[in-house]
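Spelled out from the first residue to the last, the chains are:
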Amino acid sequence: MAGAGLRAAARRWLLCGGHGGPRAASSSPSCPGCGPPGPGAHCPSTPRSAPADSADLSTHLWARYQDMRRLVHDLLPPEVCSLLNPAAIYANNEISLSDVEVYGFDYDYTLAQYADALHPEIFNAARDILIEHYKYPEGIRKYDYDPSFAIRGLHYDIQKSLLMKIDAFHYVQLGTAYRGLQPVPDDEVIDLYGGTQHIPLYQMSGFYGKGPSIKQFMDIFSLPEMALLSCVVDYFLGHGLEFDQVHLYKDVTDAIRDVHVKGLMYQWIEQDMEKYILRGDETFAVLSRLVAHGKQLFLITNSPFSFVDKGMRHMVGPDWRQLFDVVIVQADKPNFFTDRRKPFRKLDEKGSLHWDRITRLEKGKIYRQGNLFDFLRLTEWRGPRVLYFGDHLYSDLADLMLRHGWRTGAIIPELEREIRIINTEQYMHSLTWQQALTGLLERMQTYQDAESRQVLATWMKERQELRCITKALFNAQFGSIFRTFHNPTYFSRRLVRFSDLYMASLSCLLNYRVDFTFYPRRTPLQHEAPLWMDQLCTGCMKTPFLGDMAHIR
């Protein structure tokens, strides 16, 4: 971990305001390295006064720039990287597992993690359906699935054929708007939305992000859908073919739906579970551990019983149903959480429906459809003693948290890769210098002579280049799923709102005791002191490391 040198550098950073801004009002001159005289913080460095001659202002600004470069270099010795653990669980809300008596799970991408090899299969099958059943041009067959093109959480403007990334404040991140496979210039994006980057999502998209005008792609299965949609638009535009954007969007989404409805995806997975299902032994370990500690378990999934049964037998064994107190398949989430009209139906071993009325939910039995209101009445599992895990923020988690007060855990497989990128020296140095440079720009904008403005413009250009470099570390087109250049993404906003915990996979639970309490990090509001650097220096950002917690397994 970073030592005394890092802590000393951090203290200097904090005394200077953390981001170059004033720390506290004072009657003394400003920090000599930070700007003109006036209210500001004291910095324990060699005093530098702003020159009176405007001809020397440029030299003064570049001196401040070099001071900050040295400070950032001292602040980030090599051992500061690898602070975050990809196998950790991250908390949006304080939650003690000792209060949780009942654990619920989705199946796809929650209990069963799938390999990325599934995505090109979905893409190819839907592409062929478009050509063979919807009579789309044969030339579309030349397109192959590109796993590096899209990320989860993007929005698609159906009328404009525009795939884009939107931040938590409903603004398009410039440089992340694509029509087909080609980027759309920033000026054109702004013109398309009436001279602004702001998207009125409350007018154009519903609560679950499904339109009518804008669709948000929230689940992992949507990655091949976005890729196919972009490829088809690219083909039509590249060949000068007229098309109706709404019809094209509907045809592509219907083709993707057909892959699921016709059971093609289920067939691929069932034929080669070793290839497609990941971490099955860890899923078994999680479930067994919870049962051994007296927890009650249930499963609510939209997938059919035959598919779930084969997958669970592969991961857990033939007696997998003995681990669960209730198993519900083909639940039709999110309608399961809001529609009271559909009753539970019992299934036999062969998947045939029974006609008897359901008055209790029995362990070892299989139920189809139903609704959450009957589920709550029959089980009496209510409120914060229930913790439900799923990968889809809307279909799995939103209603449970907002309407019913359950605790929720989001499974975000992309988190593991993103944390590994965050832990690299390139990312850490790029981001820290970017923040420091932003602080310089904020403080030095008081200089408005011609030479100073030229220096500030050079810094602005460097800042923009740094932002683009940082973005491309995650994805060349769209960047991180969690952040735009600075703000959280709209996906992040929903993640924070609808989940108490989030993690890369269910197996992360194995790194914690069943009575562990998760505390969210106190991140400063804009008017608060930048205490994150204190966290960095005291090691709070380090926990939990797998090595430190290995005994829990």
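Scoring rules and cut-offs
Numbers given to residues run from 1 along each chain, matching the order in which its sequence is written. A pLDDT threshold of at least 70 governs which residues receive local features in this predicted model, and a stricter bar of 80 or more applies before side-chain atom pairs are shown or counted, although totals over entire chains, interfaces and linings include all residues. Values shown for side chains rest on all heavy atoms present in the structure; no hydrogens or waters enter the calculation. UniProt positions are given in the numbering used here, feature names are shortened, and annotations may be inferred rather than shown by experiment. We count a stretch as a helix when DSSP gives it H or I for four or more residues in a row; a strand needs E for two or more, and each element gets its number in order from the N terminus. Burial status follows relative accessibility: with a 1.4 Å probe on protein chains alone, a residue under 20% of its type maximum counts as buried, one over 50% as exposed, and anything between as partly exposed. Working rule for contacts: check all heavy atoms of both residues, and any pair within 4.5 Å makes them a contact. Strand pairing is assigned whenever DSSP identifies at least 2 bridges connecting the two strands. pLDDT: the predictor's confidence for each residue, scored from 0 to 100. One side-chain nitrogen of Lys or Arg within 4 Å of one carboxyl oxygen of Asp or Glu is enough to make a salt bridge. Pairs of N or O atoms within 3.5 Å make up the polar contacts considered here, provided that, within protein, one atom can donate a hydrogen while the other can accept it, and that residues adjacent in sequence are counted only when both atoms are side-chain atoms.

You'll find the protein entered in an unreviewed UniProt entry as 5'-nucleotidase domain-containing protein 2, with Myodes glareolus given as the organism.

(A) Geometry of the UniProt feature "binding site: Mg(2+)" (unreviewed entry) in the protein. As annotated in UniProt, the feature "binding site: Mg(2+)" (unreviewed entry) corresponds to Asp106 and Asp391 in the numbering used here. The named residues occupy 286 residues along the chain; their greatest pairwise C-alpha distance, 7.7 Å, places them in one compact cluster. One can find Asp106 in the loop between β3 (102-105) and β4 (113-114). Residue class for Asp106 comes out buried when judged on its relative accessible area of 6%. What Asp106 contacts, discounting residues up to four positions off in sequence, is Leu111, Leu299, Ile300, Thr301, Lys333, Tyr388, Phe389, Gly390, Asp391 and Asp396. Look past the residues within four positions of Asp391 in its chain and what remains in contact with it is Asp106, Asp108, Tyr109, Thr110, Arg152, Asp219, Ile220, Asp396 and Ile411.

(B) Up close: the sheet that holds strand β8 (residues 182-183). Taken in spatial order, the five strands make up an open sheet running β8-β7-β6-β5-β9, and their pairing is antiparallel. The sheet terminates laterally at β8 and β9 (214-216), the two strands that pair on one side only. Summarising the sheet, strand β7 (residues 172-179) and β8 pair through two bridges and their orientation is antiparallel. Within β8, the position partnered with Arg179 by the bridge is Gln182.

(C) Layout of the confidence of the model for the protein. Residues at a pLDDT of 70 or more form 85% of the protein, whose mean pLDDT is 86. Scored below 50 in pLDDT, residues 1-7 makes 12 contacts in the model with residues more than four places away or belonging to other chains. Below pLDDT 50 for its whole length, residues 9-47 participates in 72 contacts with residues either more than four positions away or in separate chains.

(D) Summary view of the pattern of salt bridges. Scanning all chains against the criterion turns up 30 salt bridges. Between Arg127 and Asp144 there is a salt bridge whose closest N-O contact spans 3.8 Å. Of this pair, Arg127 sits in helix α3 (residues 118-132) while Asp144 sits in the loop between α3 and β5 (155-157); the two residues are 17 residues apart in sequence, bridging distant segments of the chain. Since its relative accessible area comes to 56%, Asp144 is described here as exposed. Across the pair Asp128 and Arg141 runs a salt bridge, and its minimum N-O distance is 3.0 Å. Residue Asp128 is found in helix α3, and its partner Arg141 is found in the loop between α3 and β5; the two are separated by 13 residues along the sequence. For Arg141, a relative accessible area of 29% translates into the label partly exposed. What emerges from the salt-bridge pattern is a single network uniting Arg127, Asp128, Glu132, Glu138, Arg141 and Asp144.

(E) Just unusual backbone geometry, in detail. Cis rather than trans, the peptide bond between Lys333 and Pro334 has omega equal to 5°. Phi at Lys135 takes a positive value of approximately 60°, unusual for a residue other than glycine. Assignment of secondary structure puts Lys135 in the loop between α3 and β5. Residue Lys135 is classed as exposed on the basis of its relative accessible area, which comes to 66%. Phi at Gln369 is positive, roughly 55°, even though this residue is not glycine. Here Gln369 shows up in strand β14 (residues 366-369).

(F) Inspection of the UniProt feature "binding site: GMP" (unreviewed entry) in the protein at higher detail. Cross-referencing UniProt, the feature "binding site: GMP" (unreviewed entry) maps to Asp108 in the present numbering. In this fold, Asp108 is placed in the loop between β3 and β4. In this structure Asp108 touches Tyr114, Phe221, Thr301, Ser303, Phe307 and Asp391, once residues within four positions along its chain are discounted. At 2.5 Å, the side chain of Asp108 forms a polar contact with the side chain of Tyr114.

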